[in-house]
Amino acid sequence: MTEIEGLMFQTIALAFLTGLMGINALPHLIKGILGEEFPNLAGNSPLRNALAGVTALLLTAVLTFLADMPNHPWAAAASIAVGAYVMAAFHALRGAYWLNAAVGRPNPATADG
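Note that the structure is a prediction, hence the values are computed from the model and not measured.

How each quantity is defined
- Residues numbered from 1 in each chain as written.
- Predicted model: local features only at pLDDT ≥ 70, side-chain atom pairs only at ≥ 80, totals over all residues.
- Heavy atoms only, no water.
- Salt bridge = Lys/Arg side-chain N within 4 Å of Asp/Glu carboxyl O.
- Patch = residues over 30% accessible without salt bridge, like charges linked within 9 Å, V, L, I, M, F, W, Y side chains within 5 Å.
- Areas by Shrake-Rupley, 256 points an atom, 1.4 Å probe, with all protein chains shown as cover.
- Helix = DSSP H or I, 4+ residues; strand = E, 2+ residues; numbered from the N terminus.
- Buried < 20%, exposed > 50% of the residue type's maximum accessible area, 1.4 Å probe, protein only.
- Core = buried A, V, L, I, M, F, W, Y, C linked by side-chain atoms within 4.5 Å.
- Contact = heavy atoms within 4.5 Å.
- Phe/Tyr/Trp six-rings, centres within 6.5 Å; stacked < 30°, edge-to-face > 60°.

Chemist: Please give an account of the pattern of salt bridges that cites residues and values.
Modeler: Counted according to the given criterion, the structure contains one salt bridge. With a closest N to O distance of 2.7 Å, Glu36 and Lys31 form a salt bridge.

Chemist: So what's going on with a nonpolar patch on the surface? Residues and values would help.
Modeler: Together, Leu26, Ile30, Ile33 and Leu34 give the surface a local cluster of nonpolar side chains, amounting to about 400 Å² of exposed area. Locating Leu34 in the fold gives a position in the loop between α1 (3-33) and α2 (46-66). Judged by relative accessible area, which is 56%, Leu34 ranks as exposed.

Chemist: How would you summarise the nonpolar core if you had to cite specific residues and measurements?
Modeler: Membership of the largest hydrophobic core is limited to six residues, which are Leu14, Ala15, Leu63, Ala67, Met69 and Ala76. When residues no more than four places from it in sequence are discounted, the contact partners of Ala67 are Thr11, Leu14 and Ala15.

Chemist: Summarise the packing of aromatic side chains; cite the residues concerned and give the values.
Modeler: For the structure on display, the rule yields one aromatic pair. Here the aromatic rings of Phe38 and Tyr97 are separated by 6.0 Å at their centres, their planes lie at 80°, and the arrangement is edge-to-face. On the criterion of sequence distance, the pair formed by Phe38 in the loop between α1 and α2 and Tyr97 in helix α4 (residues 95-102) is long-range, its members being 59 residues apart. Both residues of the pair, Phe38 and Tyr97, belong to the buried class.

Next up, the structure:
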């Protein structure tokens, strides 16, 4: 692998993680600041979710900075989109609830059971 290919792979990987982390931050931050519980491996409380959401946004900023996106804009944009779609599907399919149950953590009560 040439140096340019290696740098592009780094951009693709970090941009993908940027999309994942950025979208994952949203439900945690929103539920947290609304004072509602949401499945979180660190604990379901609104405070833990708000803090997790802010932390995820900060990590998203760091990943964005490290991804060297200006040198590979199309690869970065496509990777961010794929990461965002993956995380959006995860949350839409109630993946956070499944993950909490899979690791033996309690899930918050929901209106639909």
